[in-house]
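Coordinate inspection notes
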Amino acid sequence: MKDENANGMQTNDAVENVDVSSATESYAEQNGNTTKKKRGSFTGKIGFVLAAAGSAVGLGNIWRFPYLAAKYGGGIFLLTYIVLAVTFGFVLMIAEIALGRKTGSSAINAFSKLNKKWAFLGVLCAIIPIIILPYYSVIGGWVGKYFTTYITGQGMAAANEGYFNSFISSPWQPLVFFAVFVTIAFLVVLFGVEKGVEKVSKILMPALVLLTIGVTIYTLTMPGTAEGIKYYLLPDFKKFSVKTVLAALGQLFYSMSLAMGIMITYGSYMKKQDKIESSVHQIEVFDTGIAILSGLMIIPAAYTFSGGNPETLGQGPGLMFVALPQVFATFGKVGGGILGALFFALVLFAALTSAISLMETVVSIVIDKFHLSRKKSSLIVYAGTLLLGIPSALGFGVLGKLSIKGMTILDMFDFLSNSVLMPIAALLTCIFIGYIIGCRQITEEIELNGRFKFKKFFNVMIKYICPICIVAILVTSILSAFGVFNI
Ligand code: PFF
């Protein structure tokens, strides 16, 4: 089915909005093993911004950002994140999109097109989604479990202390929900119906944003949240450390789908007449706005319910799953039940669309590298995701003993991709642009249609500040991991 889509693109120049699925087809296209096809493009700037924001907004904003903010000191994490978003985030996103549009290629080929010796960076970028997809799907399974709980009228039980822990430590439950989640994503990818999913998401994603705003307003008016709001919004500089920066940087890459080649692929589908710089501003504002809002919805409530200690509430990754049911419970059995079912249904949908785009990316890499059919590649990715996800799914129960320094298996995959591989990929991307091909190649691409307002800033950041800071952050965190010093 997918191939039909691709062929459709060949004959139809005025391709409609290219969604994630067709964008990632380029992996196969670029390899030259398929007949030459014209690349599709987004219908315009709005189409591009919506599609890129669609990839960016997901569990990273709603689940991951609030728990990291709670863990790393609230306001100080928020401030660090915002500073990084307008500096590192802006520069890297603009660089990746311009790189994609310039080369007309997805990550796996974009680097090698400009310099053969740098093909390895495309491969590194390709490995990252392979690591993320399985554990992303485990969390997707958790959302599925909560949705099922609410839809079957057991919402009040979900608000009980211990509900989350007994679920994730069960020997089979996280596995079953994970497997169902991956299977749904797999079926969508296999039958090539992502376009339909994308269409529905244009209604459901704004619905999620509206519901989040509503719940946020409600939680902020609950008695006793003032302290929690202060904790989240006012930075406490005593809590600042290199760990805060590393966590915020990893979160930035994850949330904005950076340093894993996704934005390069999106860029390759952007029209030459559309403005890159202003599009990046819009995607950033959208993605960061939803993350900040989710924090505001969850952290003050968590702060109140945990008696002023959000760091320990829900043991990190469980924050959303522990705090929100308690908020919903205050609406009573019926009201809270409906609200919970609606909320988790929308989050489940957002998680599925992101998982589908991640899976689509991985399938395209397999097609490209091993020259297999789409069906075979999808099956391999499905089986591989199921296998790789098992340790993460069971890491809070049966395999709980396998933790290192208090990190569960899921935390380890998360740490490996977000705090190790993505910073390395981002560092190499900066070196590639700043010193191998030269900033001009990128800035000229951005200047194709108008002035690049932040050109000087971009050059200085890409050549000096980003690489130096990333090296400093990485070295410090590695040294501290080996116990050389404590940060
Ligand atoms: N940026 C997504 C999030 O914040 O949930 C995660 C993600 C989705 C990364 C899709 C990459 C991707 F292709």
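Here the residue numbering is sequential within each chain, running from 1 through the sequence in written order. Side-chain atom pairs in this predicted model are given and counted only at pLDDT of 80 or more, local residue features only at pLDDT of at least 70, and totals for whole chains, interfaces and linings cover all residues. Heavy atoms throughout the structure, all of them, feed into the side-chain values; hydrogens and water do not.

We call a residue near a given molecule or strand whenever any one of its heavy atoms falls within 4 Å of it. Close to the ligand lie 15 residues, the nearest being Ala56, Gly60, Tyr136, Tyr254 and Ile262. At 2.8 Å, a backbone N or O of Gly60 approaches an oxygen atom of the ligand. Computed with the Shrake-Rupley method and a 1.4 Å probe, the accessible areas treat only the protein chains shown as cover for residues. Within the complex, the protein chains bury 100% of what would otherwise be the 340 Å² of accessible surface of the ligand. Put simply, the parts of the chain that give the shell around the ligand at least two residues each are helix H4 (45–56), helix H5 (59–71), helix H14 (242–255) and helix H18 (332–370). Partitioned by chemical class, the residues of the shell around the ligand number seven nonpolar, eight polar and no charged. Polar contact criterion, stated in full: a pair of N or O atoms within 3.5 Å, where within protein one must be able to donate a hydrogen and the other to accept it, and residues adjacent in sequence count only if both atoms are side-chain atoms. Note on conventions: DSSP H or I runs of at least 4 residues are helices, E runs of at least 2 residues are strands, and numbering of each starts at the N terminus. Any residue outside Ala, Val, Leu, Ile, Met, Phe, Trp, Tyr, Cys, Pro, Asp, Glu, Lys and Arg is labelled polar, Gly included; the first ten of those are nonpolar and the last four are charged.

Every axis corresponds to a line fitted to the C-alpha atoms, with the helix fit spanning only the stretch in contact, and the corresponding angles, defined between N-to-C directions, vary from 0 to 180 degrees. Running from N to C, helix H6 (residues 75–103) and helix H20 (residues 409–437) point in directions that differ by 65°, and their axes come no closer than 11 Å. Handedness of the H6/H20 crossing: left-handed. For the pair formed by H6 and H20, the contact residues are Leu92, Ala95 and Leu99 on the first element and Ala426, Thr429, Cys430, Phe432, Ile433 and Ile437 on the second. Each residue belonging to the contact of H6 with H20 can be placed in one class, and the counts come to eight nonpolar, one polar and no charged. A clockwise turn of the near helix away from the far one marks a right-handed crossing, whereas an anticlockwise turn of less than a right angle marks a left-handed crossing. By definition, residues are in contact when any of their heavy atoms lie within 4.5 Å.

For the rest of this paragraph, the subject is the packing of aromatic side chains. The geometry of an aromatic ring pair is captured by two quantities: the separation of the ring centres and the angle between the planes. Stacked, tilted and edge-to-face are the three classes assigned to paired rings of Phe, Tyr and Trp, where Trp is represented by its six-membered ring and a pair needs centres within 6.5 Å; plane angles under 30 degrees give stacked, over 60 edge-to-face, the rest tilted. Considering all chains together, one arrives at 29 aromatic pairs under this definition. Note on Trp142 and Phe396: the rings are 5.4 Å apart at their centroids and 75° apart in plane angle, and the pair reads as edge-to-face. Here Trp142 is found in helix H8 (residues 119–151), whereas its partner Phe396 is found in the loop between helix H19 (374–394) and H20, with 254 residues between them in sequence. When the centroid spacing of 6.3 Å and the interplanar angle of 90° are considered together, the rings of Phe328 and Phe344 count as edge-to-face. In this pair, Phe328 sits in helix H17 (residues 319–329) while Phe344 sits in helix H18, placing the two residues 16 residues apart along the sequence.

Let us look at the pattern of salt bridges. The term salt bridge refers to a side-chain nitrogen of Lys or Arg lying within 4 Å of a carboxyl oxygen of Asp or Glu. Across all of its chains, the model carries nine salt bridges by this definition. In this structure, Lys239 engages Asp236 in a salt bridge whose closest nitrogen and oxygen atoms are separated by 3.9 Å.

Right, let's talk about H20 for a bit. Two axes enter the definition of the bend at a residue: one is fitted to the seven residues ending there, the other to the seven starting there, and the bend is the angle between them. The largest bend along H20 measures about 35° and falls at Leu421, with the proline Pro423 one to four residues further on. Taken from the residues just after H20, Gly438 is the one with a positive phi, measuring 90°.

Turning our attention to the packing of helix H12 (residues 194–220) against H18. It is at 9 Å that the axes of H12 and H18 come closest, and there the two elements cross at 140°. Between H12 and H18, the angle falls in the class oblique. The interaxial crossing formed by H12 with H18 has left-handed handedness. Note on element contacts: H18 touches H12 through Leu339, Leu342, Phe343, Leu346, Val347, Phe349, Ala350, Thr353, Ile356 and Glu360, opposite Glu194, Val197, Val200, Ser201, Leu204, Met205, Ala207, Leu208, Leu211 and Thr212. Partitioned by chemical class, the residues of the contact of H12 with H18 number 15 nonpolar, three polar and two charged. Relative orientations are named as follows: roughly parallel for angles under 35 degrees, roughly antiparallel for angles over 145 degrees, roughly perpendicular for angles from 65 to 115 degrees, and oblique for any other angle.

So, on to the nonpolar core. A general feature of soluble globular proteins is that nonpolar side chains tend to end up buried together. The definition of a nonpolar core used throughout is a set of buried Ala, Val, Leu, Ile, Met, Phe, Trp, Tyr and Cys residues joined through side-chain atoms within 4.5 Å. Under the scheme applied here, a residue whose accessible area is under 20% of the maximum for its type counts as buried, over 50% as exposed, and between as partly exposed, the area being computed with a 1.4 Å probe on protein chains only. Of all hydrophobic cores here, the largest spans 152 residues; its most connected members are Trp142, Met320, Phe321 and Phe343. Per element, the largest residue contribution to this core is 19 residues, and it comes from H18.

Along the chain, the position of Gly340 falls in helix H18. Look past the residues within four positions of Gly340 in its chain and what remains in contact with it is Tyr150 and Phe328.

Let us look at the environment of Cys439. With respect to the helices and strands, the residue Cys439 is situated in helix H21 (residues 439–446). Spatially, the C-alpha atoms of Cys439 and Val460 are 9.7 Å apart, while their sequence positions differ by 21 residues. Excluding residues that lie within four positions of it along the chain, Cys439 makes contacts with Ile433, Gly434, Asn459, Ile462 and Lys463.

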